[in-house]
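# Architecture and fold: a report
So you can see what is in the structure, the chains are spelled out below.
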Amino acid sequence: MSAAIRVASFISLMLVSMQSWAEYQLDLRPGVTSFSQGAYGIHTMVMWICVGIGIIVFGAMIYSIIMHRKSRGAVAAKFDDNLTVELIWTVVPFIILAFMAVPATKVLLAMEDTSNSDMSIKVTGYQWKWHYDYLGEDISFFSNLTTPIEEIQNKATKNEHYLLEVDNAVVVPVNKKVRLLLTGNDVIHSWWVPAFAVKKDAIPGYINEAWFKTDKIGTYRGQCAELCGTNHGFMPIVVKVVSESDYAAWVSGQKQQAVAAAESATKTWTKDELMEHGKTVYTTSCVACHQASGEGIPNVFPALKGSAIATGDVAKHIDIVVHGKTGTAMQAFGPQLNDADLAALITYERNAWGNNTGDMVQPADIKAAR
Amino acid sequence: MSAVIEEHHDDHHDHKPTGIGRWLFSTNHKDIGTMYLWFSFIMFFVGGTLALVIRAELFEPGLQFVEPELFNQMTTLHGLIMVFGVIMPSFVGLANWMVPMMIGAPDMALPRMNNWSFWLLPGAFGLLIASLIMSLMGMGSAPNFGWTFYAPLSTTYGPASTDFFIFSVHMMGISSIMGAINIIATIINMRAPGMTYMKMPIFVWTWFITAYLLIAVMPVLAGVVTMMLTDRNFGTSFFSAAGGGDPVLFQHVFWFFGHPEVYIMILPSFGIISQIVPTFSRKKIFGYSSMVYATSSIAFLSFIVWAHHMFTTGMPVATELFFMYATMLIAVPTGVKVFNWVSTMWRGSLTFETPMLFAIAFIFLFTIGGFTGLMLSIVPADFQYQDTYFVVAHFHYVLVTGALYGIFAAVYFWLPKWTGNMYDEKLGKIHFWVSTISVNVLFFPMHFLGLAGMPRRIPDYSLQFAEFNAIASVGAFVFGFSQLILLYNIIKTIRGKSTVKATAQVWEGAEGLEWTLPSPAPFHSFTTPPTFK
């Protein structure tokens, strides 16, 4: 209903004032990298050439439709070929195409030149999240969608960055040439940030290269662009371009977090701590398939609630979470999560939704099972 | 036994077999053509229903009607049904009906094979649709990897029903290849005396070339699905990097089929438009021989441009440049065709019956799809368009307002010849105007969505895309339901109670052998070869 009202108001607004179009994007944006502006320039040029040709061709047709109609008494002419005009409209398009090809080639060559980069980030597509590994920096993390399920299911008002928000954004310094090395862990994904004009497939078994460099500090959002399964629409990309000093601060913050995480893996947790942390991990890593209710999706993703694995032998439960189950969508979470995350997660799964096994799993158990 | 008796009666026109056997065992090009056309019309409503589910879900942000898993099954089956179940069989149906009549032949060259090519289709689509029905009943998932079924999503990660899909594609492929062989055999061997190649109607020419494309690429499609079959079930690793295979190989093989397939879906419509525009302009087609050469060039180029679907897969720069230049070249012969149609109308004596309206809309809207196609060929810009709604807008302009509009035009154009009755012109015009306005409301905003950054194949989207999605959905429902007008009009014409009887000529400007036969056309077309000037 609200959408109907919105459409109605949108259309009436449109009629009242063309200025309202400014709010809705009709065209590509120039973006913030040199080649996104190059791509925008070529897009605009080709589009206007097409509009020009369209005006000539459609104009001739419309003229003909109006003037050469039988009801006006038009009598059909006899001609059915003319070598001269046929040659002209074969040769002239070649010239126009060559005119387009030259700048297109130039921009493409610049885009594909990944040499002399200042830093490299390895980007790995997973079903359905991105993993970033700062090469040589010892920083790596997953980036998950953070939009609450209530917003997706229309039970809460959608926020401004609905579906375009993540827990861990990629942070890069301004004015540096950032090289991306892209690969896929399971299926083909595609890393796309429109403002950078970077779209490159992340393919299992391949390492593709792309790069960007911008002088505009800001937050840039994008999405996976290659159908990669059920939650293809729910794996956004957020890149924060920050000043050099902010970047240095972020790097040291990441390193402190890594130290803290290492400490948390050796201590013994209380059950409440495990349950609380476990719920967070579950929400980011498991909910897409097994659902918040733990009931899964019948015949597609199995339920955890009351399942033989989540209420049976602990060792088997740890094994399937850490090593995955080959031939199914169940991934190996061992390489994705640390010992504390996994311990908390498994504890949560064994005690949530009425699974009340009372079991507690500690990081040390996970370490032993790896 | 009865076949022997009927053969005895062959020279008596209009002695038709009766009952269900007439259809099941038919070797008659018109009956088989009719079955092809009805089959594709039914599939059109099935595929259209799936499209409306998609548009209903996308009307507003958030998930309302279908879960993401089911949404992916909807987009997959919508694409597969529309490509393989609607556009391709309806072209074969039109070829069955019209090619023998246009070249002065009694029937198709290989009538029994003709029967088999048709009757494979209900089996193939039965399997495919069964997977969706089972999915809706809670038994696993239907194919959910898009109509392009990229590996490894469709191999290692494909649902169990993928094997149904593979078998279904094999059957469709056999059907298409046999249909193509039949059309080639008919055109080569059964033309009326005096009809040299360069005197054939353009529709016959475009189908002749299309049939060669089919024979060239359907085996490639069969190959790619067979590789999938062995990857999934027999332990091979054609497309699995873990086993030393290559996921990008899948895309190369698929698009080596897929790009010529795009022209398979448009060339017969080019032919239809080339029959209709001269008829209602009362003027010969402009540049007949350049039309034939342009069609042949498009067919040739279609084999060397496939990787333009794969610019973001990380190909070497030299490869990207080659495929960009080759793709841009297609604009030249396509432009020639459009210029020729416009020149045919130029200084003609135009009238605007429904087939002509659809043909004119085709030229306008297909050309818009052609322009966006040219834009998509430019690699740096393609990086921004690839896998967005801009691509969705592009291929729906060429396939719906291109291929499908050609089919609509053909149905209105030849329906009086098939049934002996004129269709309801007023209803035809209403169908045209409602469809043409709504189809633009449906697909034009998708250009904006794509340029603003909305990826395709997503069940939910961020808020800045809300307005244009809502508008597109409104257009979709109007366009979808307006097709019921066509259904009603066709049934009304076939029943023929309240309609005008058609003459043999039907249209004032009509030229060609099919118009020398009475309306409705007799059960067996030309039992003795006609004279052709």
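Residues numbered from 1 in each chain as written. Chains lettered and ligands numbered in written order. Predicted model: local features only at pLDDT ≥ 70, side-chain atom pairs only at ≥ 80, totals over all residues.

## Quick look at the overall build of chain A
This is how it is decided: A run of DSSP states H or I qualifies as a helix once it reaches four residues; a run of E qualifies as a strand once it reaches two. Both are numbered from the N-terminal end. Between the two quantities, the radius of gyration covers C-alpha atoms and the globule rule is 2.2 Å times the number of residues to the power 0.38. Exposed residues have 12 or fewer other C-beta atoms within 10 Å of their own C-beta, buried residues have 20 or more, and partly exposed residues fall in between, where C-beta atoms are placed from the backbone.
Secondary structure summary: chain A contains 11 helices and 10 strands in total. By the compact-globule yardstick of 21 Å for 370 residues, chain A is too spread out, its C-alpha radius of gyration being 28 Å. Seen through its C-alpha atoms, chain A measures out along the principal axes to roughly 90 × 50 × 45 Å. Put simply, chain A has 370 residues, and 34% of those count as buried.

## A few points about the domain arrangement of chain A
Formally: Where each domain begins and ends follows an automated or database-derived domain assignment.
What the domain assignment lists for chain A is domain 1 (14-111), domain 2 (120-262) and domain 3 (265-369). On a C-alpha basis, the centroid separation for the pair domain 1 of chain A and domain 3 of chain A is 57 Å.

## Some remarks on the sheet that holds strand 2 (residues 129-134) of chain A
Residues and elements named next belong to chain A. Using the following cut-off: Whether two strands pair comes down to DSSP finding at least two bridges between them. Axis lines are fitted to C-alpha atoms, over the contacting stretch for helices. Their N-to-C directions set the angle, which ranges from 0 to 180 degrees.
Across the sheet, five strands lie side by side as 3-2-1-5-8; this open sheet has mixed pairing. Pairing within the sheet leaves two strands with one partner each, and these edge strands are strand 3 (139-143) and strand 8 (208-212). When the angles between neighbouring strand axes are averaged without regard to direction, this sheet yields 25°. The pairing of strand 1 (residues 119-126) with strand 5 (residues 178-184) spans seven bridges and is parallel. The residue bridging Val123 from the neighbouring strand is Leu182, located in strand 5.

## A short note on unusual backbone geometry
The amide bond that connects Ala151(B) to the next residue, Pro152(B), takes the cis arrangement and shows omega of 0°. Take Pro152(B): it is sitting in the loop between helix 5 (111-136) and helix 6 (162-189). Following Ser519(B), the chain continues to Pro520(B) via a peptide bond in cis, the omega torsion being -5°. Positive phi values are uncommon outside glycine, yet Ala197(A) reaches one of about 55°. Topologically, Ala197(A) is positioned in the loop between strand 6 (189-193) and strand 7 (198-202). Owing to 29 C-beta atoms within 10 Å, Ala197(A) belongs among the buried residues under this scheme.

## Concerning the interface of chain A and chain B
What counts here: Residues are treated as contacting if the C-beta atoms built from their backbones sit within 7 Å of each other.
Contacts between chain A and chain B engage 84 residues on the former and 86 residues on the latter. Counting residues per element, the ones that place at least two in the side of chain A that touches chain B are helix 1 (2-16), helix 2 (34-67), helix 3 (83-111) and strand 7 of chain A. If one sorts the elements of the side of chain A that touches chain B by residue count, helix 2 of chain A sits on top with 15 residues.

## Observations regarding the pairing of strand 10 (residues 236-242) of chain A
Residue and element names in this part refer to chain A. Of all seven residues in strand 10, five are buried; the element is thus mostly enclosed. Taken together, the four bridges between strand 4 (residues 170-173) and strand 10 define a ladder with parallel strand orientation. Pairing of Pro173 across the sheet is with Val242, part of strand 10. Relative to strand 10, strand 9 (residues 218-224) is paired through six bridges, and the arrangement is antiparallel. Looking across to strand 10, one finds that Gly222 is bridged to Ile237.

## Here we look at helix 12 (residues 331-345) of chain B
All names here are of chain B. Spelled out, the test is: A helix is expected to reach a length of 1.5 Å times the quantity of its residues less one.
Spanning 15 residues, helix 12 covers 21 Å between terminal C-alpha atoms, matching the ideal 21 Å at 1.5 Å per step. Counting buried positions along helix 12 yields 15 of 15 residues, so the element is predominantly enclosed. Downstream of helix 12 by one or two residues, Arg347 has phi in the positive range, about 55°.

## Overview of the packing of helix 4 (residues 68-103) of chain B against helix 6 of chain B
All names here are of chain B. For clarity, the cut-off: Roughly parallel covers angles under 35 degrees, roughly antiparallel covers those over 145, roughly perpendicular covers 65 to 115, and oblique covers all other angles. Crossing handedness follows the turn of the near helix against the far one: under a right angle anticlockwise gives a left-handed crossing, and clockwise gives a right-handed one.
Two elements in contact, helix 4 and helix 6, have axes separated by 11 Å at closest approach and are oriented at 20°. With respect to helix 6, the axis of helix 4 lies roughly parallel. In this structure, helix 4 crosses over helix 6, and the sense of that crossing is left-handed. Of the residues in helix 6, those in contact with Phe84, Met88, Val92, Ala95, Val99, Pro100 and Ile103 of helix 4 are Met172, Ser176, Gly179, Ile183, Thr186 and Ile187.

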